[in-house]
Amino acid sequence: MDTIRLENTDPDDIMDILCCLEKSFGIRFGENDFMHVDTFGDLCDVIEKSILFEDRNDCTTQQAFYKVRNALRQTIPDCVTVISPDTQLHDLFPRYNRHRMIRRFEKNLGVKVGVLSMQGWLSIIITSGFLASFVCLFLYLKVAVIGFLLSYLVAKLANRTAKELNVKTVGQLTKKLTREHYLFVRRSAGTVNRNEIFAVIQDVFSDYLSLDKQYLTRDASLGWG
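Residues numbered from 1 in each chain as written. Predicted model: local features only at pLDDT ≥ 70, side-chain atom pairs only at ≥ 80, totals over all residues. Heavy atoms only, no water.

A. Layout of the overall build of the protein chain. What the protein chain contains, in helices and strands, is 10 helices and 4 strands. Counting across all 225 residues of the protein chain, residues that qualify as buried make up 39%. Long-range contacts, defined here as pairs at least 24 residues apart, represent 75% of the contacts in the protein chain between residues at least 6 apart. (Helix = DSSP H or I, 4+ residues; strand = E, 2+ residues; numbered from the N terminus. Buried < 20%, exposed > 50% of the residue type's maximum accessible area, 1.4 Å probe, protein only. Contact = heavy atoms within 4.5 Å.)

Structure below.
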């Protein structure tokens, strides 16, 4: 099997990641900011230059862990488990009331964490339904419309009742929170730790594209030239 590399990534996927980074870092890219960007290092430089907040040398992941731990204690006040990065989420959120507890946890945390997913077999069925409806679009319009509608309703219901955890530990949840809501988890508003930014960007690309970090070096080609 060929190794997945950044240069083989669809440019639309990279643009989706940039939108996520805008939200996480509280910035906005200009229309021509990436015109002369050819490598992963070039892209990171543009992102870092767009971040104009005060620089402070403190650990954001640690601050994110404290926020997660405090929110967990509010959500599960009678919890006797010592909460550490290795604590298993399935022990804190039993399956029978997981959806409700996660919603309560998100309310206490102050941000949605998106740790619940539908079961894999259900995702395959819904995807197959959309694909079948697309094929029918060129043959039986009414059937296709009904198929799209049913697939959409099933997907919406499945997402609202999802109970599968897509992260396993408090540590993984903390890293996810740091990637997706960097500014939010900072203890001091309007600050960043510039020594962390490259690693955070690297984590986002690795997670979103399922890329090994060893291929996310500064000289890695984006392949969108």
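And the narrative resumes.
B. Structural context of helix 10 (residues 194–209). With 16 residues, helix 10 should cover 22 Å at 1.5 Å per step; its first-to-last C-alpha distance of 24 Å lies within 8% of that length. Inspection of helix 10 places E196, I197, V200, I201, Q202, V204, F205, S206 and L209 among the buried residues, and these make up the whole buried set. On its buried face, helix 10 sits against helix 1 (11–25), helix 2 (40–50), helix 3 (60–75), helix 8 (170–180), helix 9 (182–185) and strand 4 (191–192). If you check the start of helix 10, you find a side-chain oxygen 3.1 Å away from the backbone N of N195, and it comes from N193. Within two residues after helix 10, S210 carries a phi angle of roughly 55 degrees, on the positive side. (Expected span 1.5 Å × (residues − 1). Polar contact = N/O pair within 3.5 Å; in protein donor to acceptor, adjacent residues only side chain to side chain.)

C. Up close: the nonpolar core. With 28 residues, the main nonpolar core has L6, L21, F25, L43, I47, I201 and F205 as its most contacted residues. Put simply, the parts of the chain that give this core at least two residues each are helix 1, helix 2 and helix 10. For this core, the leading source of residues is helix 10, giving 6 residues. Excluding residues within four positions of it along the chain, I47 makes contact with L18, L21, F25, I27, F29 and I201. (Core = buried A, V, L, I, M, F, W, Y, C linked by side-chain atoms within 4.5 Å.)

D. Structural view of the side chain of E196. Residue placement: E196 occurs in helix 10. Salt bridges are absent for the buried E196, whose nearest opposite-charge side chain, R186, sits at 4.4 Å. With sequence-adjacent residues up to four places away left out, E196 is seen in contact with D58, C59, T60, Y182 and R186. (Lys, Arg positive; Asp, Glu negative; His and termini not counted. Salt bridge = Lys/Arg side-chain N within 4 Å of Asp/Glu carboxyl O.)

E. Region of the structure containing the pattern of salt bridges. Counted by the stated rule, this structure contains 9 salt bridges. A salt bridge links R28 to E22; the nearest nitrogen and oxygen atoms lie 3.5 Å apart. With relative accessibility at 69%, the residue R28 sits in the exposed group.

F. Structural detail: the packing of aromatic side chains. Taken as a whole and judged by the stated rule, the model has 6 aromatic pairs. Relative to F34, the ring of F29 has its centre 5.0 Å away and its plane inclined at 75 degrees; by these criteria the two rings are edge-to-face. Neither residue differs from the other here; F29 and F34 are each classed as buried. Chaining the aromatic ring pairs together yields one cluster made of F40, F198 and F205. (Phe/Tyr/Trp six-rings, centres within 6.5 Å; stacked < 30°, edge-to-face > 60°.)

G. Geometry of a nonpolar patch on the surface. Taken together, F134, V135, F138 and L139 make up a surface patch of nonpolar side chains, about 470 Å² in accessible area. By the secondary structure assignment, V135 is in helix 6 (residues 120–136). (Patch = residues over 30% accessible without salt bridge, like charges linked within 9 Å, V, L, I, M, F, W, Y side chains within 5 Å. Areas by Shrake-Rupley, 256 points an atom, 1.4 Å probe, with all protein chains shown as cover.)

H. Summary view of the side chain of T75. Along the chain, the position of T75 falls in helix 3. The class for T75 is buried, based on a relative accessible area of 2%. A distance of 2.7 Å separates a polar atom in the side chain of T75 from the backbone oxygen of A71. Polar contacts involving the side chain of T75 include one to the side chain of N108, which spans 2.9 Å.

I. Representation of the environment of C136 in the model. Checked against the element boundaries, C136 lands in helix 6. Between the C-alpha atoms of C136 and G147, which are 11 residues apart in sequence, the distance is 8.7 Å. If we ignore the near neighbours within four places in the chain, the residues touching C136 are L141, V143 and A144.

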